[in-house]
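Listed below are the residues making up each chain.
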Amino acid sequence: MTVDPTDVASVFVGRRVQLELVRRRLQEVRDGHPCVIWIEGDAGVGKTALAHQVVRDAAGFTVVSVEVYESPMPSPLGLARDLAPDSARVENEVAAGLAILERLGDLQADGPVLVLIEDLQWSDLESRSALLGACRRFDRDAVAIVITSRPEGPVEDGWARFTGSSTICDRVLIGALGPDEVSMLAAARGVALSPAAATRLWEDTDGHALLVCTVVRELTAAELADEGGLPVPRSIAASISDRLTRLDSAARGLAWALAVLGARVPLAEAASVAQVEKPTHALEELLYSGLVTWWPQDARTPIAFTHPLYGTAVLGTIGPTDRQRFHRRAAEVVGGVGALGHRVAAADGVDDELSDELAAASVDRPDAEAAQLLAWSATLASTRSSTELRFLESCRRRLRSGRALSVAAERDAIEACLPSARRDLVLGTLDLLTGHAGSARRHLENAATAGADAHDVVEEAWGRLVQLATEESRGEDAVAAAGLVLASAPAEALWERAAWTGLAAGTAFGQGAVAGRDVLADRLPQDASDVAMVDSDLLITRGSLGFYAGRTTAAMADLRVAIANVRAGAPAAQLPRAHMLLAQVLLTAGDWDEATRHARLAEAFVSADEVVWMQAQVHAVLARVLGGRGRWTEAAEQLAAADRSAEALGTIEAVVSTAIARATVSRAEGDHRGVVSALQPLTAGGGASIPMVTSMAWWPPLIASLIALGDLQVAGEQIAALRDAAGLRRLDLAARSDGLAARLAAARGEADEAASCFADATAGWSDDDPVLDRAELDAAHGRFLLATGHRRAGLDRLLDALRTFEALGASPYVARTSSELALAGVRAGGSRTEAPLDLTERERDVAALVAQGRTNKQVAAELYISAKAVEYHLGNIFPKLGIRSRHEIRDHIGVTTADH
């Protein structure tokens, strides 16, 4: 809803420091520096007044205002849909965040934008995460997000970390007013206080802004000025109670109905609950009292309390019998699932019939809603068995909706339940999600042995055991658990997909990535574009195995489609991994610009969500591409970060990824000893200790360095071991092995053997083999041909290598190859090696995508930013490149322009 800031009627005083900060931020927003203003304080302390003053100060801003109302069952992604009402993509947190960014980008066409979100604490967790994702992706947007919230305990959405550490977020804490501000607030209400009266009012209200306003409104000027003491109400409740007694029964009943309904509602709905025949007259009296506000421009005439505290206070004035009666009427008026909360509130003690109805209603509801229904059901059940069953099921559904912290807070109550399979499932899942693998396995194995009468528990327990075994790289256990799940024909598609993931991954752990990928041939169509959107996580799994299987082209297709599906609303928990894997695949394929882009996106996701188990891998892939381009300082920083993460985590993937990155940087530097030092430990035992799930793409550079160092006997042994290991895993490394054999033969002076092997390697090279390795093969072949007297052919090979290095932007390799050509009397090199260095990282990404023919909106979607930010970056790119239109970019940056 867009509002006119002049309509805001809040009286505002004081808060000079906070307001000056916000005003300064708004000026920065006008200059394209986005911000988030997090206004935090207790109810009634003045958050809304400050927020509305910010709106009044936002001259020239388009203002979007959304108020969140307290609800026991907030609609999943409800706030996100309010923020992006015209988007059809609000189906998951990632897509919802993109939809919010897209809408804010569109609104910026008319100038800077201010979004006011009041009472975020009442919003659903999914919307909070989506909004946070959008805020994290702000670039050069002229957007201010102003959020009011009460202090909260641990919430599983990342906002606490963001407000405490983000450079674009200012946390504004609102506390009590001082005596001078109390005097100013009274004056703004038309009441002049002496210093002594202001001090007494401040002492008796503790400087609480809403209570000060209430007192000033309720007391006469004489009472406020009375030196003998102020008859100040000690709580808002006393003031509200007094004010309600002055209303006629119809107005009072309408206020009670509104308090019971608990949110902004149409007048007719509140009147129906209150059974008021003339609601307009009752509303007029309520408006005069100051308790209620309304929206006359809306045809439904919605009404709400002026402040949430008023609603709480009014609710406290309703006696038990009247409250029960109003909740029963509310249940009749609201209807549907929304009525169940009112029926719970109207219940007299235990009510097995209602408890059963709540449990039945939870069956087909989203997990977050089901959890609340089951929690209510548990409180109404008359037997311990029913109470514990529904309490545990509520915990189970909360865990499935990502609320592990809230369940962890009730661990004592869970452990106090009688032993059961469901109890073990909840405890095992909680331990799995909080990183306690040993106890998770024990509890889940107990749950998996339950009888047929708990089929859903057994199914989920085995599904969780599949996840646990996969995370711990226990291949046989993952395959066995997955087989049991699939054999049982799981009722939930979630566990069917988890089982296929475990089956494929577990097979790969034991037999290699090719075998693991083959498993999915029975489940997924061969063409990635034919895979159902709900199977996007499975597609990411296949892409991952494709990467390790050396199926570069197929893996690229799988990962690109999966990422596009998630952006369009498909469910997928592995999105950061998809970006990280795609970056590695693109490094192999030779598109280092796009590899950098996806690695940066993965880094942003991993950093924002603290995905510890992926940090080393993401830093490692960034180090590889930065090192390959000779950006030594940045590469060293990424290597150091990868080292820290790998040491902390200690997983095989983290440690090996970091070693490969270090070797890659040494390779780019021409430091063959550094390559051997980093990689030779991975081949200890002749390859027997190497995990089956590996592409072994790191091994050929190790052997090439051994040859360069003259360690020819070891190099020969390593080539043989490489061939054996590749055969065991069904990996096609024949061309690379032949190329290494050619270089070894050349080093030994075996010219005929070298020539034959070079020919075999060149003929056998495929699009799935690494482009950098092919360029180094061409360079080695060229050197061999020159050394054996074939000058023209040798120069051609070296020039082929040089062109490939230039296309990659591999400046260290370009420099070395150019020097070799110069020694042979050929002047070459000097072409573009990567996007212009005066462009920023983000400008390079934007330029590369525009050069490929993407529209601004398509570029925005791929980079998870707004179209307005894309426009801003193009505005910088044009003058830097000396061009006037997007069509000229392709000729200036020299990026790959194939349609990805």
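Residues numbered from 1 in each chain as written. Predicted model: local features only at pLDDT ≥ 70, side-chain atom pairs only at ≥ 80, totals over all residues. Heavy atoms only, no water.

**Brief notes about the overall build of the protein**
Along the backbone of the protein there are 47 helices and eight strands. Per-residue burial over the protein gives 55% buried out of 900 residues. Contacts in the protein between residues far apart in sequence, at least 24 positions, make up 66% of those at least 6 positions apart. Roughly 36,900 Å² of accessible area belongs to the protein as shown, and the carbon and sulfur atoms make up 52% of that amount. The averaged location of the 121 negative side-chain charges in the protein is 3 Å from the averaged location of its 89 positive side-chain charges. (Helix = DSSP H or I, 4+ residues; strand = E, 2+ residues; numbered from the N terminus. Buried < 20%, exposed > 50% of the residue type's maximum accessible area, 1.4 Å probe, protein only. Contact = heavy atoms within 4.5 Å. Areas by Shrake-Rupley, 256 points an atom, 1.4 Å probe, with all protein chains shown as cover. Lys, Arg positive; Asp, Glu negative; His and termini not counted. Charge placed at Lys NZ, Arg CZ, Asp CG, Glu CD.)

**What to know about unusual backbone geometry**
Positive phi, normally seen in glycine, also occurs at L77, with a value near 65°. Of note, A489 is a non-glycine position whose phi angle comes to about 50°, a positive value. With respect to the helices, strands and loops of the structure, A489 is situated in the loop between α26 (475-487) and α27 (493-511).

**Quick notes on the packing of aromatic side chains**
Taken as a whole and assessed by the stated rule, the structure comprises eight aromatic pairs. Relative to F162, the ring of W159 lies with its centre 5.5 Å away and its plane at 90°, an arrangement referred to as edge-to-face. With W159 and F162 both in helix α6 (residues 159-165) and three residues apart, the pair spans about one turn of that helix. Of the two residues examined, W159 and F162, each falls in the buried class. (Phe/Tyr/Trp six-rings, centres within 6.5 Å; stacked < 30°, edge-to-face > 60°.)

**Some words on the nonpolar core**
In this structure, L679, M696, W699, I703 and F805 are the most contacted members of the largest nonpolar core, which totals 105 residues. Each residue touching L679, except ones within four places of it in the same chain, is listed here: A659, I660, A663, W698 and L702. The next biggest cluster of nonpolar side chains, apart from the first, holds 34 residues, and it includes L120, A130, A134 and F162. (Core = buried A, V, L, I, M, F, W, Y, C linked by side-chain atoms within 4.5 Å.)

**So, the sheet that holds strand β7 (residues 292-294)**
Strand pairs in the sheet, formed through backbone hydrogen bonds, run parallel or antiparallel to each other. One open sheet holds the three strands; their spatial order is β6-β8-β7, and the pairing between them is antiparallel. In the strand order of this sheet, the two ends are held by β6 (265-266) and β7, each with one partner. For β7 and strand β8 (residues 302-305), the ladder comprises three bridges, and the chain directions are antiparallel. Its bridge partner being in β8, W294 is matched across the sheet by I303. Of the strands in this sheet, β7 and β8 touch helix α14 (residues 279-289), which is tilted by about 115° from β7. (Pairing = 2+ DSSP bridges. Axes fitted to C-alpha atoms, helices over the stretch in contact; angles between N-to-C directions.)

**Here's the deal with the pairing of strand β3 (residues 113-118)**
With six of its six residues buried, β3 lies for the most part within the structure. Across the two faces of β3 the burial is the same, with V113, V115 and I117 and L114, L116 and E118 all buried. In this structure, strand β2 (residues 62-67) lies alongside β3, joined through six bridges in parallel fashion. Of the residues in β3, the one forming a bridge with V64 is V115.

**Some thoughts on the pattern of salt bridges**
All chains considered together, the criterion is met by 56 salt bridges. Residues E357 and R343 are paired through a salt bridge, measuring 2.7 Å at the closest nitrogen-oxygen approach. Here the residue E357 occupies a position in helix α18 (residues 352-361), and R343 occupies one in helix α17 (residues 338-346), the gap between them amounting to 14 residues. Judged by its relative accessible area of 31%, R343 falls in the partly exposed class. Note that R396 is salt-bridged to E393, the shortest N-O span being 3.1 Å. Residue R396 and its partner E393 are both found in helix α20 (residues 384-400); the two are separated by three residues, about one turn of the helix. (Salt bridge = Lys/Arg side-chain N within 4 Å of Asp/Glu carboxyl O.)

**Considerations on the confidence of the model for the protein**
When the pLDDT values of the protein are averaged, the result is 88; 93% of them are 70 or greater. Low pLDDT, under 50, characterises residues 1-10; the stretch is placed with 16 contacts to residues that sit more than four places away or in other chains. Counting interchain partners and residues more than four positions distant, the pLDDT-below-50 stretch residues 895-900 has 16 contacts. (pLDDT = per-residue confidence, 0-100.)

**Focus on helix α1 (residues 16-30)**
Since one α-helical turn is 3.6 residues long, residues separated by three or four positions face the same way. With 15 residues, α1 ought to run about 21 Å at 1.5 Å a step, and its terminal C-alpha atoms sit 21 Å apart, in line with that. What α1 keeps buried is the set Q18, L19, V22, R25, L26 and V29. Relative to the axis of α1, the buried residues are bounded by an arc of 125° and lie together on one face. Away from its buried face, by an angle of more than 90 degrees, α1 presents the exposed residues R16 and V17. Those residues of α1 that are buried lie in contact with β1 (35-40), α2 (47-57), β3, β4 (143-149) and β5 (169-173). Within two residues after α1, G32 carries a phi angle of roughly 90°, on the positive side. (Expected span 1.5 Å × (residues − 1). Arc of directions from axis to C-beta.)

**Brief notes about the packing of helix α23 (residues 421-433) against helix α25 (residues 455-471)**
Two elements in contact, α23 and α25, have axes separated by 10 Å at closest approach and are oriented at 25°. Taken together, the axes of α23 and α25 lie roughly parallel to each other. Where α23 crosses over α25, the two elements pack in a sense that is left-handed. Along the contact surface, α23 presents A421, R422, L425, T429 and L432, while α25 presents D456, V457, E460, A461, R464, Q467, L468 and E471. Grouping the constituent residues of the contact of α23 with α25 by class yields six nonpolar, two polar and five charged. (Parallel < 35°, antiparallel > 145°, perpendicular 65-115°, else oblique. Left-handed = near helix turned anticlockwise from the far one by under 90°. Nonpolar A, V, L, I, M, F, W, Y, C, P; charged D, E, K, R; others polar.)

**Re helix α19 (residues 367-380)**
Helix length check: α19 (14 residues) gives 20 Å between terminal C-alpha atoms against 20 Å at 1.5 Å per residue, within 8%. Within α19, 10 of the 14 residues are buried, leaving the element largely enclosed by the surrounding structure. Burial in α19 covers these residues: D367, E369, A370, A371, L373, L374, W376, S377, A378 and L380. Buried residues along α19 sit against α17, α18 and α20.

**Looking at the pairing of β8**
On β8, burial covers both faces: P302 and A304 on one face and I303 and F305 on the other are all buried. Across two bridges, the pairing between β6 and β8 is antiparallel. The residue bridging V265 from the neighbouring strand is I303, located in β8.

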